Amino acid sequence: MSNDWPLFEVFIRSRAGLEHKHVGSVHATDARMAIEHARDVYTRRQEGVSIWVVRSSDIMASDPAEADSLFEPARDKVYRHPTFYAIPDEVKNL
Amino acid sequence: MYTQALDSLGKDCLPGGSADSAALEARFQARVDADEKIEPKDWMPDAYRQTLIRQISQHAHSEIVGMLPEGNWITRAPTLRRKAVLIAKVQDEGGHGMYLYSAAETLGISREQMIEQLLAGTAKYSSIFNYPTLTWADIGAVGWLVDGAAIMNQIPICRCSYGPYARAMVRICKEESFHQRQGFEIMLALARGTPEQHQMAQDALNRWWWPSIMMFGPSDTESKHTAQSMRWKIKRFTNDELRQKFIDITAPQAEFLGLRIPDAQLRKEEGSEHYHFGTIDWSEFQAVLKGNGPCNRERLEARRSAHDDGRWVREAAAAHAEKQRARTAKAA
Amino acid sequence: MSGADAQTNTEASNDARLRYLLRLGDTSLVLGQRLGEWVGHSPALEEDLGLANLALDLVGQARLLLTYAAEIEGKGRDEDALAFFRDAPQFTNLTLAEQPNGDFAQTMVRQFLIDAWQLEIYEGLASSTDTRLAAIATKALKETRYHFRFSSSWLVRLGDGTEESHRRAQNAIDGVWRFTDELFAADEVDEQMAAAGVAPRLTDLQPRWSARIDEVLREATLRRPANVSYQWHGKRGVHTEHLGHMLTEMQHLQRTYPGAQW
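Keep in mind it's a predicted model, so treat the numbers as computed, not measured.

Sorry if this is basic, but what is going on with the nonpolar core here?
The nonpolar side chains of a soluble globular protein tend to be buried with one another. Core analysis: the largest hydrophobic core is formed by 194 residues, its most contacted members being Trp136 and Tyr162 of chain B together with Trp154 of chain C. Here the element with the most residues in this core is helix H2 (residues 45-73) of chain C; it accounts for 15 residues. Sequence-distant contacts of tyrosine 162 of chain B, defined by excluding residues within four places in its chain, comprise Ile38, Glu39, Pro40, Met44, Tyr48, Leu52, Ile56, Ala103, Thr106 and Leu107 of chain B.

I tried to follow the packing of helix H5 (residues 131-159) of chain C against helix H8 (residues 202-219) of chain C on my own but got confused; where do I start?
Residues and elements named next belong to chain C. Packing of H5 against H8 brings their axes to within 8 Å, and their N-to-C directions diverge by 35°. As H5 packs across H8, the resulting crossing turns out to be right-handed. Taken together, the residues of H8 that come into contact with H5 (itself represented by Phe148, Ser152, Leu155 and Val156) are Arg212, Val216, Leu217 and Glu219. Broken down by class, the residue content of the contact of H5 with H8 amounts to five nonpolar, one polar and two charged.

Looking at this structure, how should I read the interface of chain B and chain A?
A common way to state how big an interface is: give the accessible area lost once the parts meet. Facing 24 residues of chain B, the contacting portion of chain A comprises 25 residues. Across the chain B to chain A interface the summed buried area is about 2100 Å²; carbon plus sulfur atoms make up 51%. The tally of links from chain B across to chain A stands at five salt bridges. Close ionic contact of arginine 44 of chain A with glutamate 175 of chain B constitutes a salt bridge, the shortest N to O distance being 2.9 Å. Seen at the junction of chain B and chain A, the total is ten residue pairs in polar contact (both at pLDDT 80 or more).

How do you make sense of the confidence of the model for chain A when you look at a structure like this?
Regions with low pLDDT should not have their predicted coordinates read in detail. Chain-level statistics for chain A give a pLDDT mean of 90 and a share of 99% at 70 or above. When pLDDT is averaged over each helix and strand of chain A, the minimum, 85, is found for helix H2 (residues 67-71) of chain A and the maximum, 97, for strand E3 (residues 50-55) of chain A.

I tried to follow the interface of chain B and chain C on my own but got confused; where do I start?
The interface of chain B with chain C comprises 46 residues on the first partner and 47 residues on the second. At the boundary of chain B with chain C, total buried surface from both sides reaches about 4000 Å², with 69% on carbon and sulfur atoms. Taken together, the links from chain B to chain C amount to three salt bridges. The shortest N-O distance in the salt bridge between arginine 327 of chain B and aspartate 160 of chain C comes to 2.8 Å. Counting across the chain B and chain C interface gives 16 residue pairs in polar contact (both at pLDDT 80 or more). Put simply, the parts of the chain that give the side of chain B that touches chain C at least two residues each are helix H3 (46-71), helix H4 (80-105), helix H5 (111-120), helix H7 (163-191), helix H8 (195-214) and helix H12 (296-331) of chain B. Looking at which element gives the most residues to the side of chain B that touches chain C, the answer is H12 of chain B, with 14 residues.

What's the story with empty space enclosed by the protein in this structure? I'm lost.
Which parts of space are left empty comes out when a probe the size of a water molecule is rolled across the atoms. All names here are of chain C. One pass over the full model with this rule turns up three cavities of 30 Å³ or more. Taken together, Tyr20, Arg23, Leu24, Thr27, Thr92, Leu94, Trp117, Ile121, Asp190, Leu202 and Lys235 make up the lining of the largest cavity. Among the secondary structure elements, those contributing two or more residues to the lining of the largest cavity are helix H1 (3-36) and helix H4 (104-125). Per-element accounting of the lining of the largest cavity gives the leading share, four residues, to H1. Residue composition of the lining of the largest cavity, by class: six nonpolar, two polar and three charged.

Scoring rules and cut-offs
- Residues numbered from 1 in each chain as written.
- Chains lettered and ligands numbered in written order.
- Predicted model: local features only at pLDDT ≥ 70, side-chain atom pairs only at ≥ 80, totals over all residues.
- Heavy atoms only, no water.
- Core = buried A, V, L, I, M, F, W, Y, C linked by side-chain atoms within 4.5 Å.
- Buried < 20%, exposed > 50% of the residue type's maximum accessible area, 1.4 Å probe, protein only.
- Helix = DSSP H or I, 4+ residues; strand = E, 2+ residues; numbered from the N terminus.
- Contact = heavy atoms within 4.5 Å.
- Axes fitted to C-alpha atoms, helices over the stretch in contact; angles between N-to-C directions.
- Left-handed = near helix turned anticlockwise from the far one by under 90°.
- Nonpolar A, V, L, I, M, F, W, Y, C, P; charged D, E, K, R; others polar.
- Buried area = accessible area lost by both parts, 1.4 Å probe.
- Salt bridge = Lys/Arg side-chain N within 4 Å of Asp/Glu carboxyl O.
- Polar contact = N/O pair within 3.5 Å; in protein donor to acceptor, adjacent residues only side chain to side chain.
- pLDDT = per-residue confidence, 0-100.
- 1 Å grid on protein atoms, 1.4 Å probe; cavity = no way out; pocket = protein on both sides within 12 Å on 5 of 7 lines; lining within 4 Å.
- Points joined across faces, edges and corners; volume = space filled by probe spheres on them.

Set out below in structure tokens:
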């Protein structure tokens, strides 16, 4: 078994109105310590106004080998995008 | 991130046949050639993974060991402003080490393993930190020259093919920009200070110049990793290219300071932006690399003591968290 | 009151104000200097960054307080003249702040006791009649709240961690408890500052500090030592042997090259 403290992933909201973004990881014994460590490691220059931490082992990720079946099918559904529709220039506010 | 996931990936998902492997490798190289970023769970050749682990962990170790020579002057910084700046700078280096360990951990090695390698003396770190900081001017010289050389080495890595490493480097380069400037500012104050201070600055330049330009590594003809690393876009410029660039921008700065670079052959080439410089004594580089530099022993000893003396603290925190979890479970 | 009396009063209160500011500034400086010794040698990399953050905050507080003190003194000195050209008897930090780092438990106990003290002091000073001091305290209070979170969390982890960490933490608190009497022992400077509405009254703060300490000690399963009645006088320049050594190191360059600019 590892003697190092468990790994936590760190997400930071850089300012109000923006989403939390993954910035890296820290080692800590629990969530409280992980937040303290994330504060000291990732916000020394006012990079954040809010921190999320989550145990790395609790993150479920999609499998890159399945990327084709997960994401490729969206490629040909161009009708989901507004530019797919031809609207005469004279028509405003659409 | 995904450390555990990668451990199993290593066993189950690596290609079995060599034909498969060749196809995967070709596809991988095509992605790299197209400047796509490789991310932790993507397939990658084992040699690519190992090269990155070696390079990123060495880089992380360098940041951590690099805290020691400069930390040596925190308690003796000559003004309160200089003290605060130095603490912030050494702290940044610790932070950079952690960003890098974090990036390396995405490749399936734990920080604990990397630190064990460092403490066992089997992992390398930048030899520059095996030189002593004897006077306050050394803090200026380290910031100006060592951080200057490091930045030159690091900026191209911001575009490295491996996503987590590239992202860590972007953050590091952004933060490093004040390090070199504060070093130069210290040198400037000394160079323009009393004759004793000027001499202190010159002496520091004399001792740090050659080790700094050796930081770019062996000459291209000698460097065993350069070609493959460039193909993988882990490396973007050769050692000699970066070294030349560093000398070209640093020589005029020394002149501005009124200090003499300790190289009798250094001169600007006619009709060129480049400086010609003298022969590097690679035997010294090799000696320091092999562990016979002035401070190799002290640096590793300091890291080992911190690690050993801190063990009971780390264990206490883990034990407390365990007790808390048990209490919460019982209450629920 | 005659004009001459008023003049004397202002001077007296300016002298008290100067002495009060030096005590606060010196305590932050000396504690910051001690924490600086840890950087690069902490029990975990994360703690290196954490301790450095505390050190930076404390050195920052010291600079603001000493700069203000130097201005009140009006003798052309600045923060560095005060930090680097006074000898131990002129330093008026709390004796507790200068105690050596020892192991991590000793450092955290020292930090915790002073953090809890600074919390009360800065909170009181935030509404000082001295607006400049109030502004400094308001800034320092935010920093100190985090320091207290940091040190009290660690004290709980160490106290309620392993057998070894519990023993070390208890030893640490037993070792320095004798210096805590000084934290709330008011003298004429404190009295004058409180009367002028510049500083909070120490006797008012003591019970809150004490309650805060007890709460954390309880969670940390640590025993509060019995009070020892020896009065330490760091605030009056009477120190333990440790301060002289610390200053020797801290002041080395300024003393060796007097008059040089750095």
